[in-house]
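# Structure assessment
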Amino acid sequence: MTTRYNYYSSHYVALTNRKRMHPCLVSRLLGSGGAAVCKVFNVVRRGASSSTTTTETTKTTTSNGSIHPNLDIHRLLHLRCVGVFAHIDAGKTTVTERMLALAGIVNRAGSVDTGNTVTDYLPAERERGITIQSAAISFPWKWHNRSIVQHDVAVIQRSQSDRGHVTNHHPQNDEDDDDEVTIQLIDTPGHVDFSVEVNRSVAVLDGAVLVVDSVAGVQAQTETVWRAIARPSMKHGIKKQEEEQGQRQGQGQKDKSMESRTTRDFHGHEPLACLAFVNKMDKEGCNFGYALKTLRQRLPGANPVAIQIPIFQTETAAATGSGQRSVNGNGQTDMTLLVDHLMAVPPSDLTMTSVQSGKFVGIVDLIDMRAVVWPDVASSDVGDVEECIPNVYNLLPIKDANEMEDENVWVGSQQVREVALASRQDLVASLADLDETMEDCFLMERSPSADELRCALRKLTMDRKILPVMAGAALRGKGVEPLLDAIADLLPSPLHRQPPVLLDQGNSTKQRFIENTSKRPSKIKFGHPLHPSLLALAFKVIHMKNRGGSGDGRVVFVRIYSGKISTRDTIRVISSNMSGEQGVKPWTERVGGMLELAGGRFDNLKEAVCYSGGVCALIGLKNVSTGDTIVSDSLDSKGKKGRKEQGQIGADYEIVSGNKCLAGVGAPKPVLTVRIEAENGEQQAKLMDALNLLVKEDPSLKVKETESVTLLSGLGELHIEVVVDRLKREFGLSVWTGKPTVAYRETIFEAFETPGMVNFDRTVGTTRMQAQVHLRLEPLDESQSVEDCMILQEPIVVLSQHVKEYLGFHADVEERELGQRCEIAQAILLGCKGALKRGPISSNAISNVKCIVQEIHSEGGISSLKSLPGAIRAASSNILMSLLNENKPCCSVLEPNMSIEINVPADMVGTVLSDLTTRRGTVGDVVMAEENDASNKALIYGQVPLAEILGYANNLRSITNGEGVFSAEYKGHSACNQ
């Protein structure tokens, strides 16, 4: 009998030593004389003095207060900022809770069913069992493969040496520091109605974990979050969704999509490196191979590769081991009695017939060739991680007899070893076209070492050329430990990411990448984690009573790209303005304090500092909104402070002055509107104040108030329901809502224009308003048919070269700048945009249209237009409205369409299809269950107008006897045929 070896045993010992206390709680118990460290989101208290503190508290600083670059490199290499994404009910919150329990943040893993999770802390989330708001938390994890950081340090040292930096990497207690990696985790919603939370999370993350249901595979919202991961545009990125949807088939298109993932999007934001975790492998009907197949077919450019294969316990083992829970000397289940009855399933197996009635018990790690087998514990004990410590077996032959003391050798079924070796060869073959080392191993028929394979996977993952796929069952406590290892090993640190692109606020429409063609070493760019100047993005705003410090309790969540931010710092806020209207001038504010981020717990931190790569919650900021850029108050080089900071930074760092900002955070447009009223006039004013606060928190929420009615617009029925619930719980307001109506729009499908110059001549009172305008309207995308599903875009108004020259400006001057410099141009733009807010058919706003002002003139010449700009504004507005009314046959009403996915019993497909047809739906595909699939379910994919599926859940349950479920996501607007 060999000595039992546990791969994760040292980590569990560390948990015991920590006594399962939160790191922030430990720091508070140490008192004023001890270490004052908060590991949550890299927030570090100043003034701590203790030899037992982590590297973060012993960092030396430079003359301007920033961390010494050598020590900062070490800190950043041990940092992972990761988000968890999935379709609703795929189990991402359960995965997050298991991670927190394994890291010692909580005593037991919480459960969505019992409503005691850390990250789902809102009452509405716990009642409904879904995630509504993204939640953030940080925790340490033991890094088992420290050779990776040594390679990264060597690369960065060479890079810094080229710039002339001294990079002797000798942090204190280096051996201990390399033993842990800090994971900053954000749990995001999976429901389409809360996709704005996904959009703003991907804008500040460095990596992602995509959780997939082992039975359903890729689902509707999985595709949505994948598009966000693959192209994380902060603003206006939604219009790129349709382009990526068209890249699903054909090898050439696949290669093109692959290439697009390795470049920045049009706003300069890198796509995210990603891992896939096939969850719920303990569920009836699970199929790892099918999930892998759907990842390949439905996610453009994903290129999934399995780095694990699942292990199942057959019926024979279950019968043999029934009632025989053998316990070893450590009080843990001994699996040696059962390993003879375990079977591994290769990724190519799409039927799972050999283990159809088996039980998922573990995985094979194809990198290290280890079998990780978890014990079968009672449901009541699953939450305790000490009851679920896995056994780890070496599948490779033992070469040295001395290794018998350290390795738990596999003595079970030979089938597991054979399938594992074959799957590892397939893994190497799939990487051979992408990595030279793997190509050499494949051609020479040599098995790569674990380090060689891990380094190849790490490089390809960070280059977004592959999607590593893993397996597990988080609810049963299986598979999450290797997932945490993969996050540390394969996902990038902030140092591996490119700095965000800065936009000039005064010229935001010219957004381009400037490449450095100089032969001399480039400077460290502003926004790089090693740059000492502050650059941060406010990606989320919430309001908490008695927490925010400002009058409305505002709490601002911030990602620090470079520099640091401290309590009581004075910051400069720059609002990103992409609408073309007059921008807001930058202003200064003072940071009142920071809050600890631990899911739903927000405790005040005194004298806190957050460094580059970190995420923190700031209080005391009165006017900061989602998407604002935060920089140091001394960034502008025009003042004395700016010159002083430039002297401190030195010549190795890029100096940026002026109103440079990040692109902001985008939000999808509302598709559903309801009428909302308070019970009485006194509460109506409170209702508007509450709605205004909620709109600041959620950019996808829109409120429109008229003299007679207040309209609330959102992304779906559930979105509106949650808002109404929050009004009642948080603000004490009882409101009435009307029947939902969808957000219709209008557009044109043919170009048309006025017959030359059209004269406008009106007399208002004693003032004569006269001007002549020549206008042309055309579709924004002439290649797109009105029958196609299009993503809504605001109408664009441009001035022709002739008009610009008439106004005395160069043809290259853009409309936004022209509107700020010329009253006549601003009047023309406002007049045309105002006319496009009401269409000729149903008075809905016009979208996806380009209006070109060809010519303008006035009897009194340009001097009369300058003296009375209102004349040209009235002329352009009235003439454009008349032009639309005259060409009404060329216009069309657009209605929102939804991509729908329906899961129903196979014998009820016909009934559901008939019902879908009566709702003006179109069926794209019907996927029937495999012959050996016990679930006997079918998946229906289609498209249906949103107006036809309001309340569809109740109707579907009625016609399927409660067995049918569906999910829908916004696809775009298309012509309304009735």
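Residues numbered from 1 in each chain as written. Predicted model: local features only at pLDDT ≥ 70, side-chain atom pairs only at ≥ 80, totals over all residues. Heavy atoms only, no water.

This part takes up the overall build of the chain. Broken down by element type, the chain carries 27 helices and 40 strands. Every one of the 978 residues in the chain was classed for burial, and the buried ones make up 58%. Considering only contacts in the chain between residues 6 or more positions apart, those separated by 24 or more positions represent 77%. (Helix = DSSP H or I, 4+ residues; strand = E, 2+ residues; numbered from the N terminus. Buried < 20%, exposed > 50% of the residue type's maximum accessible area, 1.4 Å probe, protein only. Contact = heavy atoms within 4.5 Å.)

Let's shift gears to the sheet that holds strand 10 (residues 359-365). Here 5 strands make up an open sheet; going across it, the order is 9-8-10-11-12 and the pairing antiparallel. Every interior strand has two partners, whereas the edge strands, strand 9 (342-344) and strand 12 (391-394), have only one. Between one strand and the next, the sheet's axes are offset by a mean angle of 25°, whatever the strand orientation. Along the sheet, helix 14 (residues 414-432) contacts strand 8 (308-313), strand 9, strand 10 and strand 12; its crossing angle with strand 9, the most-contacted strand, is approximately 15°. (Pairing = 2+ DSSP bridges. Axes fitted to C-alpha atoms, helices over the stretch in contact; angles between N-to-C directions.)

The predicted model of the chain averages 77 in pLDDT, with 75% of residues at 70 or higher. Between residues 317-337, whose pLDDT stays under 50, and residues either more than four places distant or in other chains, the model counts 28 contacts. (pLDDT = per-residue confidence, 0-100.)

Positive phi outside glycine occurs at lysine 280, with the angle close to 60°. With respect to the element layout, lysine 280 can be found in the loop between strand 6 (273-279) and helix 12 (288-298). Here the phi dihedral of arginine 920 falls at roughly 65°; this positive angle occurs in a residue that is not glycine.

Of all 8 residues that make up helix 8 (residues 195-202), 7 are buried, and the element is covered over most of its length. Taken together, the buried positions of helix 8 are occupied by Ser195, Val196, Glu197, Val198, Arg200, Ser201 and Val202. Packed against the buried residues of helix 8 are strand 2 (79-86), strand 4 (180-187), helix 9 (220-230), strand 15 (535-543) and helix 19 (681-697).

Moving on: the pairing of strand 27 (residues 702-705). Relative to strand 28 (residues 710-714), strand 27 runs antiparallel, the two sharing 4 bridges. Looking at the pairing, lysine 704 lines up with leucine 711 of strand 28. Count of turn residues in the strand 27/strand 28 antiparallel hairpin: 4 residues.

Here we come to the pairing of strand 11 (residues 370-373). Neither face of strand 11 is open: one carries Arg370 and Val372, the other Ala371 and Val373, and all of them are buried. Where strand 10 and strand 11 come together, 4 bridges link them in antiparallel fashion. Residue pairing for strand 11: glycine 362 is matched across the bridge by valine 373. Adjacent in sequence and paired antiparallel, strand 10 and strand 11 are bridged by 4 residues, among which methionine 369 carries a positive phi angle near 55°.

A few words now on a nonpolar patch on the surface. A cluster of nonpolar side chains, contributed by Phe442, Leu443 and Met444, occupies part of the molecular surface with about 370 Å² of accessible area. Mapped onto the secondary structure, methionine 444 falls in the loop between helix 15 (436-443) and helix 16 (450-462). Judged by its relative accessible area of 66%, methionine 444 is exposed. (Patch = residues over 30% accessible without salt bridge, like charges linked within 9 Å, V, L, I, M, F, W, Y side chains within 5 Å. Areas by Shrake-Rupley, 256 points an atom, 1.4 Å probe, with all protein chains shown as cover. Salt bridge = Lys/Arg side-chain N within 4 Å of Asp/Glu carboxyl O.)

Quick look at the packing of aromatic side chains now. Scanning the model with the defined rule gives 3 aromatic pairs in all. Residues phenylalanine 312 and phenylalanine 360 carry aromatic rings whose centres are separated by 5.8 Å and whose planes lie at 70° to one another, so their mutual orientation is edge-to-face. In this pair, phenylalanine 312 is assigned in strand 8 and phenylalanine 360 in strand 10, connecting sequence segments 48 residues apart. The two residues phenylalanine 312 and phenylalanine 360 agree in class, both being buried. Over the ring of phenylalanine 557 we find lysine 540; its NZ or CZ atom is 5.6 Å from the centre of that ring. (Phe/Tyr/Trp six-rings, centres within 6.5 Å; stacked < 30°, edge-to-face > 60°. Lys NZ or Arg CZ within 6 Å of the ring centre and 35° of its normal.)

Bringing the sheet that holds strand 18 (residues 570-574) into the picture now. Strand order across the open sheet formed by 8 strands is 19-18-24-15-16-23-20-21, with antiparallel pairing between neighbours. Single-partner strands in this sheet number two, and they are strand 19 (587-590) and strand 21 (604-605). With respect to the sheet, helix 19 is in contact with strand 15 and strand 16 (554-562), its orientation differing from that of strand 15 by roughly 145°.

On the surface, Lys704, Lys837, Arg838 and Arg873 cluster together into a positively charged patch. Here lysine 704 is to be found in strand 27. For lysine 704, a relative accessible area of 53% corresponds to the exposed category. (Lys, Arg positive; Asp, Glu negative; His and termini not counted. Charge placed at Lys NZ, Arg CZ, Asp CG, Glu CD.)

Before going further, it helps to examine helix 15. The backbone nitrogen of threonine 437 lies 3.0 Å from a side-chain oxygen of the residue at the head of helix 15, namely aspartate 435. In the stretch just after helix 15, glutamate 445 is the one whose phi turns positive, near 55°. (Polar contact = N/O pair within 3.5 Å; in protein donor to acceptor, adjacent residues only side chain to side chain.)

Turning to the nonpolar core, a few remarks are in order. With 68 residues, the main nonpolar core has Phe85, Leu210 and Leu295 as its most contacted residues. Per element, the largest residue contribution to this core is 5 residues, and it comes from helix 9. Residue contacts for phenylalanine 85: discarding those within four places in its chain leaves Lys92, Thr188, Val198, Val202, Leu205, Ala208, Val209, Leu210, Val211, Val225 and Ile229. Residues Val82, Ala86, Phe277 and Ala371 belong to the second largest nonpolar core, which totals 67 residues. (Core = buried A, V, L, I, M, F, W, Y, C linked by side-chain atoms within 4.5 Å.)

What follows covers the packing of helix 14 against helix 16. Put simply, helix 14 and helix 16 touch, their axes get as near as 12 Å, and they point 45° apart. Between helix 14 and helix 16, the angle is such that the two are oblique. Where helix 14 crosses over helix 16, the handedness of that crossing is left-handed. Contacts from Arg424, Leu427 and Leu431 in helix 14 reach Ala450, Leu453, Leu457 and Leu460 in helix 16. Of the residues belonging to the contact of helix 14 with helix 16, the class tally is 6 nonpolar, no polar and 1 charged. (Parallel < 35°, antiparallel > 145°, perpendicular 65-115°, else oblique. Left-handed = near helix turned anticlockwise from the far one by under 90°. Nonpolar A, V, L, I, M, F, W, Y, C, P; charged D, E, K, R; others polar.)

The next point concerns the pattern of salt bridges. Under the counting rule described, the total for this entry stands at 33 salt bridges. Between glutamate 270 and arginine 497 there is a salt bridge, and its shortest N-O distance comes to 4.0 Å. In this pair, glutamate 270 sits in the loop between helix 11 (251-261) and strand 6 while arginine 497 sits in the loop between helix 17 (480-490) and strand 14 (503-504), placing the two residues 227 residues apart along the sequence. In this pair, the class of glutamate 270 matches that of arginine 497, namely buried. Between arginine 370 and aspartate 368 there is a salt bridge, and its shortest N-O distance comes to 3.6 Å. Each member of the pair arginine 370 and aspartate 368 is classed as buried.

Take the environment of glutamate 895 next. Take glutamate 895: it is sitting in strand 37 (residues 891-905). Take glutamate 895: its relative accessible area is 2%, and that puts it in the buried class. Between the C-alpha atoms of glutamate 895 and alanine 975, which are 80 residues apart in sequence, the distance is 6.3 Å. Non-local contacts of glutamate 895, meaning those with residues more than four positions away in its chain, are made with Tyr744, Arg920, Pro945, Gly972, His973, Ser974, Ala975, Cys976 and Asn977.

Time to look at the packing of helix 26 (residues 909-918) against helix 27 (residues 952-959). Relative to each other, helix 26 and helix 27 sit at 145°, their axes nearing to 10 Å. At the point where helix 26 passes helix 27, the crossing takes the right-handed sense. Across the interface between the two elements, Thr911, Val912, Asp915 and Leu916 of helix 26 pack against Tyr952, Asn955, Leu956 and Ile959 of helix 27.

This brings us to the side chain of aspartate 628. Considering the arrangement of structural elements, one finds aspartate 628 in the loop between strand 23 (615-619) and strand 24 (629-632). For the buried aspartate 628, no salt bridge is present, and the opposite-charge side chain at shortest range is arginine 554, 6.9 Å distant. A polar contact is formed between the side chain of aspartate 628 and the backbone nitrogen of serine 625, at a distance of 2.9 Å. Ignoring sequence-local partners within four residues, the contact set of aspartate 628 consists of Ala536, Leu537, Ala538, Val573, Ile574, Ser575, Ser576, Trp587 and Asn623.

So, on to the environment of threonine 911. Relative to the assigned elements, threonine 911 resides in helix 26. Through-space distance from the C-alpha of threonine 911 to that of leucine 956 is 10.0 Å; in sequence the pair is 45 residues apart.

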